[in-house]
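# Structure at a glance
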Amino acid sequence: MTLTNRIQAVQEQVRQAALQAGRDPGEITLCAATKVQTDDTIRQAIAAGIRVCGENRVQELTAHLEQMAYAGAQEVHFIGHLQTNKVKFVVGKVDLIQSVDSQRLLLAIDQQAEKLGLRQDILLEVNIGREESKGGCLPDELPALAELAASLDHVRLRGLMAIPPVSTGCGANRPYFSAMRQLYVDIQTKMSDNQGSIDHLSMGMSADFADAIAEGATLIRVGTALFGPRPPMKRP
Ligand SMILES: *Cc1c(COP(=O)(O)O)cnc(C)c1O
C-alpha cells in the first residue's frame, strides 16, 4: 500500500468508528505522529490529506520547521516529553503542546509565552495507567494542575491527553479511555467559565483509536498505521 492508500484507509476507519459510536466524524481530528519520518514523507502525507502533524522530539521538530516540512498543514502539535530547558524551542512554534504534565513545565511555558507576547494552547497529559515509565500527571494531581493552568495568562488550557498502557487489542484499553473521558467531563464542568475552550480529548493510537473514538476522543495520534513500522524508540 502507498502512503496515500494508508492515509485514506485510516481516514475511513476513523469515519466508521465515529458513525458506529453515533458521533459526527467531523468531531475527530487525526494527528499524524511523524516521529522519525523524513521531511519528504511529511510533505507527501500533507499532500495526501494530513492536516495535523504531531512531533515527539524537540530536535526533529526544529529540523522539520527549518526545512518547512509542515508547509500546507493546518496545525503542528508537540506530543512528546518536554524538558523545561527546551521550552523555548517549542512555545510559539506549535499550535498545541499536548504533553504538559507538571507545574514546573506549565510555569516555564507561561513565562516563555509571555516573553513572546502570545498565549500557548496546551493539553494536560494524564498518566491514566499509573505506569512508572510514563510521563503525565497522576489523576489525583490533575485538578490542581488544571486550576493552575486556568490561572495563567499566557497559557490556554484546551483539554487532556493520555497514553494508556500498550494495547493488547480487543478493547483492552477501553477502561482507561472511559476514565479519561470522565476526567475530561469533570474538568469541563469545573472550568465552565472557559468551557468553550476545553474541547480536546487526545487519546488513541494505531492499535486502539477506534476504541478511543467510541469513548469520546476528539483527537487521535496515529503513526504506524499511516507510515508503517518504525525502528524501536529510545527515550530521549
Ligand atoms: C508515536 C506516538 C503515537 C503514535 O503511535 P502509533 O502506535 O505508531 O500509532 C501517538 N502518541 C505519541 C505520544 C507517540 O509518541
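First, a word on what this report is: a plain description of the structure on this page. Every value quoted in this text rests on a predicted model; they were computed, and no experiment measured them. (Residues numbered from 1 in each chain as written. Predicted model: local features only at pLDDT ≥ 70, side-chain atom pairs only at ≥ 80, totals over all residues. Heavy atoms only, no water.)

### Here we look at the site of the ligand
Near the ligand the following residues occur: Ala 33, Lys 35, Asn 56, Ile 79, Ile 163, Met 205, Ser 206, Arg 221, Val 222, Gly 223, Thr 224 and Arg 230. For the ligand, a nitrogen atom lies 2.8 Å from a polar atom in the side chain of Arg 221. Between the ligand and the protein, one listed contact pairs an oxygen atom with a backbone N or O atom of Gly 223 at 2.8 Å. Relative to its free-state accessible area of 390 Å², the ligand is covered by the protein chains to the extent of 90%. (Near = heavy atom within 4 Å. Polar contact = N/O pair within 3.5 Å; in protein donor to acceptor, adjacent residues only side chain to side chain. Areas by Shrake-Rupley, 256 points an atom, 1.4 Å probe, with all protein chains shown as cover.)

### Overview of the side chain of Ser 197
Structurally, Ser 197 is set in the loop between helix H6 (174–190) and strand E7 (200–202). By relative accessible area, Ser 197 is classed as buried at 17%. Among all residues touching Ser 197, those that are not within four sequence positions of it are Arg 156, Leu 157 and Arg 158. (Helix = DSSP H or I, 4+ residues; strand = E, 2+ residues; numbered from the N terminus. Buried < 20%, exposed > 50% of the residue type's maximum accessible area, 1.4 Å probe, protein only. Contact = heavy atoms within 4.5 Å.)

### Side note on the environment of Glu 215
Considering the arrangement of structural elements, one finds Glu 215 in the loop between helix H7 (209–214) and strand E8 (219–222). Spatially, the C-alpha atom of Glu 215 lies 13 Å from that of Ala 162, the residues being 53 residues apart in sequence. Sequence-distant contacts of Glu 215, that is, excluding residues within four places in its chain, are made with Arg 174, Phe 177, Ser 178, Arg 181 and Met 203. At 3.0 Å, the side chain of Glu 215 forms a polar contact with the side chain of Arg 174.

### Digging into the pairing of strand E4 (residues 96–100)
Within a regular strand, side chains alternate between the sheet's two faces. Of all 5 residues that make up E4, 5 are buried, and the element is covered over most of its length. By the bridge criterion, 2 bridges tie strand E3 (residues 75–78) to E4 in an arrangement that is parallel. Residue His 77 lies in a different strand from E4, and its bridge partner there is Leu 96. Read as a crossover between parallel neighbours, the route from E4 over helix H4 (residues 103–116) to strand E5 (residues 120–126) is right-handed. (Pairing = 2+ DSSP bridges. Right-handed = clockwise from strand over helix to strand, strands pointing away.)

### A few points about the side chain of His 64
Within the secondary structure, His 64 is located in helix H3 (residues 58–66). Looking at His 64, its side chain comes within polar contact range of the main-chain oxygen of Gln 37, at 3.3 Å. Every residue in contact with His 64, bar those within four places of it in the chain, is listed here: Gln 37, Thr 38, Asp 39, Ile 42, Glu 55, Ala 69 and Tyr 70.

### Considering unusual backbone geometry
Excluding glycine, residues mostly have negative phi values, and the peptide bonds linking residues are mostly trans. Here the phi dihedral of Val 36 falls at roughly 65°; this positive angle occurs in a residue that is not glycine. The backbone of Arg 130 sits at a positive phi, close to 50°, despite the residue not being glycine. We classify Arg 130 as partly exposed; its relative accessible area is 48%.

These figures come from the coordinates and say nothing about function on their own.
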